[in-house]
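Secondary and tertiary structure notes
The chain contents come next:
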Amino acid sequence: MIEQIIQEIEGKGWSHRTGVIGPTELAEIKDFFDHRRSEFVPAKVGKGENLQRAENIRGDYTFWIDPHEPPATFRHLVHFLTELKEALNGHFFLGLKDFECHLAYYPPGTYYTKHSDRHGLESSRVLSFIFYLHDEWNENDGGELVIYDKDDSILETVKPVPGSFICFLSEKFPHEVKPAKRERRSFTGWMHRKILY
Ligand SMILES: O=C(O)CCC(=O)C(=O)O
Ligand SMILES: [Fe+2]
């Protein structure tokens, strides 16, 4: 699996793999979301003094996970990411040192408009990654991740298949989350060239 991801990143700069998380693990994750729901906070946009809630930009709620001390439910995902980080360093000499990650849920109808994960202040973000954690997703549920190229042409529209994983070079691909008909759940994060904690 990791080897295929590396090859896809080498070829096109991003990779989408299905079947990364199995049904038993997804069921445990569903329980975590259901039990810890009240601890999720509205995601904000901007930095420092300009940090603000802007539902017209992003409508998700997040719960940060410390990858150095993850809840048991997320140990497998953190392990997978650690192996991916080492493989990326081995193949591309990226010098990745750490990653940050959060859970997110997007209530029905919410979205995240087109943005880049890497702007001035976040210049150490190298790779963006997302696991899709909802237990069910139907053809017409929406919630696609639309990936753009540097010229703002659509490269790919990715359906958030439960248990799938996507990653892309943060610098190269602006992207957007389309509104969905059902709650859309994910584990999202970024690999960095510097130690974060
Ligand atoms: O959930 C997704 O598919 C993408 C989320 C995203 O772009 C972000 O949190 O920066
Ligand atoms: Fe993003």
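Let me sum up the structure you'll find in this document. The model shown is predicted, which means the values in this text are computed figures rather than measured ones. (Residues numbered from 1 in each chain as written. Chains lettered and ligands numbered in written order. Predicted model: local features only at pLDDT ≥ 70, side-chain atom pairs only at ≥ 80, totals over all residues. Heavy atoms only, no water.)

So, the site of ligand 1
- Taken together, 13 residues lie around ligand 1, and His115, Asp117, Tyr132, His175 and Arg184 are the ones closest in.
- The separation between an oxygen atom of ligand 1 and a polar side-chain atom of His115 is 3.1 Å.
- The separation between an oxygen atom of ligand 1 and a polar side-chain atom of Arg184 is 2.8 Å.
- For ligand 1, whose free accessible area comes to 290 Å², the fraction covered by protein is 99%.
- For the shell around ligand 1, the elements supplying multiple residues, two or more each, are strand 5 (112–115), strand 6 (125–132), strand 10 (175–177) and strand 11 (184–192).
- With 3 residues, the top contributor of residues to the shell around ligand 1 is strand 11. (Near = heavy atom within 4 Å. Polar contact = N/O pair within 3.5 Å; in protein donor to acceptor, adjacent residues only side chain to side chain. Areas by Shrake-Rupley, 256 points an atom, 1.4 Å probe, with all protein chains shown as cover. Helix = DSSP H or I, 4+ residues; strand = E, 2+ residues; numbered from the N terminus.)

A look at the sheet that holds strand 7 (residues 145–148)
- Sheet architecture is open: 4 strands sit in the order 5-10-7-8, paired in antiparallel fashion. For this open sheet the edge positions go to strand 5 and strand 8 (154–158), each flanked by a neighbour on one side alone. Mean inter-strand twist for the sheet, computed between neighbouring axes without regard to direction, equals 10°. (Pairing = 2+ DSSP bridges. Axes fitted to C-alpha atoms, helices over the stretch in contact; angles between N-to-C directions.)

Observations concerning the packing of aromatic side chains
- Inspection of every chain in the model, using the stated rule, returns 15 aromatic pairs.
- A ring pair is formed by Phe40 and Phe63, whose centres lie 5.3 Å apart and whose planes are at 35°; its orientation type is tilted. Here Phe40 is found in the loop between helix 2 (23–36) and strand 2 (41–42), whereas its partner Phe63 is found in strand 3 (residues 61–65), with 23 residues between them in sequence. The pair Phe40 / Phe63 is uniform in exposure class, with both members buried.
- Here Phe74 and Phe187 contribute two aromatic rings whose centre-to-centre distance is 5.9 Å and whose plane-to-plane angle is 40°, an arrangement assigned as tilted. Residue Phe74 is found in the loop between strand 3 and helix 3 (75–92), and its partner Phe187 is found in strand 11; the two are separated by 113 residues along the sequence. In this pair, the class of Phe74 matches that of Phe187, namely buried.
- Taking the ring centre of Trp14 as reference, the NZ or CZ of Lys12 above it sits at 3.9 Å.
- Above the plane of the ring of Trp190 lies Arg125, whose end atom (NZ or CZ) is 3.8 Å from the centre. (Phe/Tyr/Trp six-rings, centres within 6.5 Å; stacked < 30°, edge-to-face > 60°. Buried < 20%, exposed > 50% of the residue type's maximum accessible area, 1.4 Å probe, protein only. Lys NZ or Arg CZ within 6 Å of the ring centre and 35° of its normal.)

Here we look at the side chain of Asp98
- Along the chain, Asp98 falls in strand 4 (residues 98–106).
- One buried charge, Asp98, has no salt-bridge partner; the nearest side chain with opposite charge is Lys85, at 6.4 Å.
- A distance of 2.8 Å separates a polar side-chain atom of Asp98 from the backbone nitrogen of Leu196. (Lys, Arg positive; Asp, Glu negative; His and termini not counted. Salt bridge = Lys/Arg side-chain N within 4 Å of Asp/Glu carboxyl O.)

A closer look at the sheet that holds strand 1 (residues 14–17)
- Spatial ordering of the open sheet is given by 1-9-6-11-4-3-2, a layout of 7 strands whose pairing is antiparallel. The sheet is open, and its two edges are formed by strand 1 and strand 2, each paired on a single side.
- By the bridge criterion, 4 bridges tie strand 1 to strand 9 (residues 165–169) in an arrangement that is antiparallel. When the sheet's bridge partners are listed, Arg17 is paired in strand 9 with Phe165.
- Across the sheet, helix 1 (residues 2–12) is in contact with strand 1, strand 6 and strand 9; its angle to strand 1 comes to roughly 145°. (Contact = heavy atoms within 4.5 Å.)

All we've got here are geometric facts, nothing functional implied.
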